[in-house]
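# A closer look at the structure
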Amino acid sequence: MTTPPPSTRERYAAYADRIADVSPSYAAWARSLDDDLVALLDTVPPTQRQPELVFAVARGLGADPSDPAALRALGQEARPALVAALATATVQANDPRRLGPLVPVVAALAAAVARPLGLVDVGAAASLCSFPDRVTLDLRVHDGHSGARSELVRMHTAPAGPSLRLTADAWGTVPSPSAAAIRVAGRVALDPHPVDLRIPGAFERLVQAVPPEATDRTALMREAARVTLAEPPVRITGRVPDDLDRALDALPADCEPVVLTAGTLVYVPGADRQRFVDRVTERGVHWVALERTGILAGVASTLPDGIDPADPACFATVSLDGVALAVCDAFGTATRWFRDPSL
């Protein structure tokens, strides 16, 4: 029997529990939903009900996140404006921390192929997750899930030039450190509304989706913005699966195509999501993903027993070519590995 999707109220309650330690203000907003606000959110497509998307729109309309009642008041006092804004909203926080679990996978893939990689970042937004090769990544590798002992391991070193430094936690069958730089021949950013950070005010609009307490996250996004501005991708306005071929065909000829998705496919309707997976397979290109656990049936079938999608520690699944390698929290800051991508 197919499990029905969570209701809007259940979705926001789960989000509140997940975000409470990071952002009390967003947790309070998520818990403030009354029947009227739930009914309003149920009038917009499911992909437009993501809490951080809704909250970013609310802030853009003047709601103060420090006021727990402000979201509910906006739904009552500016209902038409809120519904109209949600119908077309494309706000994405584009959190570069999600590169943490992806860098070891991309590094293992780069070591296994002869040609430099050609990266297609699907749902790229501002391309803050488009440069795994320019991340210096340290993992705190824990001995057992209790985390009683840990060792800091340098997994990948970025080349000279603008780069991002990340530190994350890891358990289990942690991948081997990369012995060589990740060679990248080209980058393509595919998004329905790609964000050009060269436009004044673009970065400020982007971070409206970030909880106001998360000042460290905003600072990291600013560092990531410097990297992508120094080495900008080819931007293509389009959606998957319809425009995937166009994005892949924009890569240089002599490269190994790799499709990246990082928290993107939850915004793609279910039927199109499977069409995307099918098209990646038909094109015979590699696919590195960090997506919500359970939304991809094929990937979910490769998870080991005992993975609970409702567990915040298993919020997302890291996969290579449709095979699950690890599970992690929503932001990729703590990952439990059960397969080494280099094997």
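First things first, this report covers the structure right here in the doc. Please read all numbers here as calculations on a predicted model, not as lab measurements.

Right, let's talk about the overall build of the protein chain for a bit. Counting secondary structure elements, the protein chain contains 12 helices and 11 strands. Scaling as 2.2 N^0.38, a compact globule of 343 residues should have a C-alpha radius of gyration of about 20 Å, and the protein chain matches this with 20 Å. Taking the principal axes of the C-alpha coordinates as reference, the protein chain spans close to 60 × 45 × 45 Å. Considering the protein chain as a whole, with its 343 residues, one finds that 53% of them fall into the buried category. Pairs at least 24 residues apart make up 73% of the contacts formed inside the protein chain by residues separated by at least 6 positions. Averaged over its 33 positive side-chain charges, the protein chain has a centre that lies 3 Å from the centre of its 41 negative ones.

Moving on to the pattern of salt bridges. Using the criterion set out here, one finds 22 salt bridges in the structure. One salt bridge connects Asp-242 with Arg-275, and the closest N-O pair in it is separated by 3.0 Å. One end of the pair, Asp-242, is in the loop between strand S6 (234–237) and helix H10 (244–249); the other, Arg-275, is in helix H11 (residues 270–283), with 33 residues separating them in the sequence. With relative accessibility at 57%, the residue Asp-242 sits in the exposed group. In this structure, Glu-282 engages Arg-279 in a salt bridge whose closest nitrogen and oxygen atoms are separated by 3.0 Å. Taken together, the positions of Glu-282 and Arg-279, both in helix H11 and three residues apart, correspond to about one turn of that helix. Its relative accessible area of 27% is what places Arg-279 among the partly exposed residues. Put simply, Asp-245, Asp-249, Arg-279, Glu-282 and Arg-283 are held in one network by salt bridges that share partners.

Below, the discussion takes up the side chain of Asp-95. Residue position: Asp-95 is located in the loop between helix H6 (79–88) and helix H7 (99–112). Within the local environment of Asp-95, its side chain forms a polar contact with the side chain of Arg-97, the two groups lying 2.7 Å apart.

With that settled, the discussion passes to the nonpolar core. Grouped together as the largest cluster of nonpolar side chains are 81 residues, with contacts concentrated most on Phe-55 and Val-288. The element that contributes the greatest number of residues to this core is H7, accounting for eight residues. Beyond its immediate sequence surroundings of up to four residues, Val-288 is in contact with Leu-102, Val-105, Val-106, Leu-109, Val-258, Val-259, Leu-260, Thr-261, Ser-319 and Leu-320. By size, the runner-up hydrophobic cluster in this structure holds 28 residues, among which are Val-122, Val-277, Ala-289 and Leu-303.

Here we have 11 strands laid out as an open sheet, ordered S3-S2-S4-S11-S10-S9-S8-S7-S1-S5-S6, and mixed in their pairing. The sheet is open, and its two edges are formed by strand S3 (150–156) and S6, each paired on a single side. Sheet twist, expressed as the average angle between the axes of neighbouring strands with direction ignored, equals 25 degrees. Sheet topology note: the strand S2 (residues 135–142)/strand S4 (residues 164–172) ladder contains seven bridges and is parallel. Paired with Val-141 across the bridge in S4 is Ala-170. Strands strand S1 (117–122), S2, S3, S4, strand S7 (256–262), strand S8 (286–292), strand S9 (316–320), strand S10 (323–328) and strand S11 (334–337) of the sheet are contacted by H7, whose axis makes an angle of about 165 degrees with S8.

Geometrically, a pair of aromatic rings is defined through the distance of the ring centres and the angle of the planes. With the rule as written, the count across this model stands at six aromatic pairs. Ring geometry for Tyr-15 against Phe-55: centres 5.9 Å apart, planes inclined by 70 degrees, an arrangement best described as edge-to-face. Of the two residues, Tyr-15 is situated in helix H1 (residues 8–19) and Phe-55 in helix H4 (residues 51–60); the sequence distance between them amounts to 40 residues. Both residues of the pair, Tyr-15 and Phe-55, belong to the buried class. Aromatic pair Tyr-26 and Phe-55: ring centres 4.8 Å apart, planes at 65 degrees, arrangement edge-to-face. Residue Tyr-26 is located in helix H2 (residues 24–31), and its partner Phe-55 is located in helix H4; the two are separated by 29 residues in the primary sequence. Here the two residues Tyr-26 and Phe-55 agree in accessibility, since each one is buried. Following the ring pairs from residue to residue traces out a cluster consisting of Tyr-12, Tyr-15, Tyr-26, Trp-29 and Phe-55. Looking at Arg-97, its charged tip hangs above the ring of Phe-331, at a distance of 4.4 Å from the centre.

Once that is clear, we can look at the packing of H1 against H2. Two elements in contact, H1 and H2, have axes whose closest approach is 8 Å; the angle formed by their N-to-C orientations is 165 degrees. The angle between the axes of H1 and H2 places the two elements in the roughly antiparallel class. Seen from above, H1 lies across H2 with left-handed handedness. Along the contact surface, H1 presents Tyr-12, Tyr-15, Ala-16, Asp-17 and Ile-19, while H2 presents Tyr-26, Ala-27, Ala-30 and Arg-31. Looking at the contact of H1 with H2 residue by residue, the class counts come to seven nonpolar, no polar and two charged.

About the thresholds
- Residues numbered from 1 in each chain as written.
- Predicted model: local features only at pLDDT ≥ 70, side-chain atom pairs only at ≥ 80, totals over all residues.
- Heavy atoms only, no water.
- Helix = DSSP H or I, 4+ residues; strand = E, 2+ residues; numbered from the N terminus.
- Rg over C-alpha atoms; globule rule 2.2 N^0.38 Å.
- Buried < 20%, exposed > 50% of the residue type's maximum accessible area, 1.4 Å probe, protein only.
- Contact = heavy atoms within 4.5 Å.
- Lys, Arg positive; Asp, Glu negative; His and termini not counted.
- Charge placed at Lys NZ, Arg CZ, Asp CG, Glu CD.
- Salt bridge = Lys/Arg side-chain N within 4 Å of Asp/Glu carboxyl O.
- Polar contact = N/O pair within 3.5 Å; in protein donor to acceptor, adjacent residues only side chain to side chain.
- Core = buried A, V, L, I, M, F, W, Y, C linked by side-chain atoms within 4.5 Å.
- Pairing = 2+ DSSP bridges.
- Axes fitted to C-alpha atoms, helices over the stretch in contact; angles between N-to-C directions.
- Phe/Tyr/Trp six-rings, centres within 6.5 Å; stacked < 30°, edge-to-face > 60°.
- Lys NZ or Arg CZ within 6 Å of the ring centre and 35° of its normal.
- Parallel < 35°, antiparallel > 145°, perpendicular 65-115°, else oblique.
- Left-handed = near helix turned anticlockwise from the far one by under 90°.
- Nonpolar A, V, L, I, M, F, W, Y, C, P; charged D, E, K, R; others polar.

Purely geometric stuff here, so don't read any function into it on its own.
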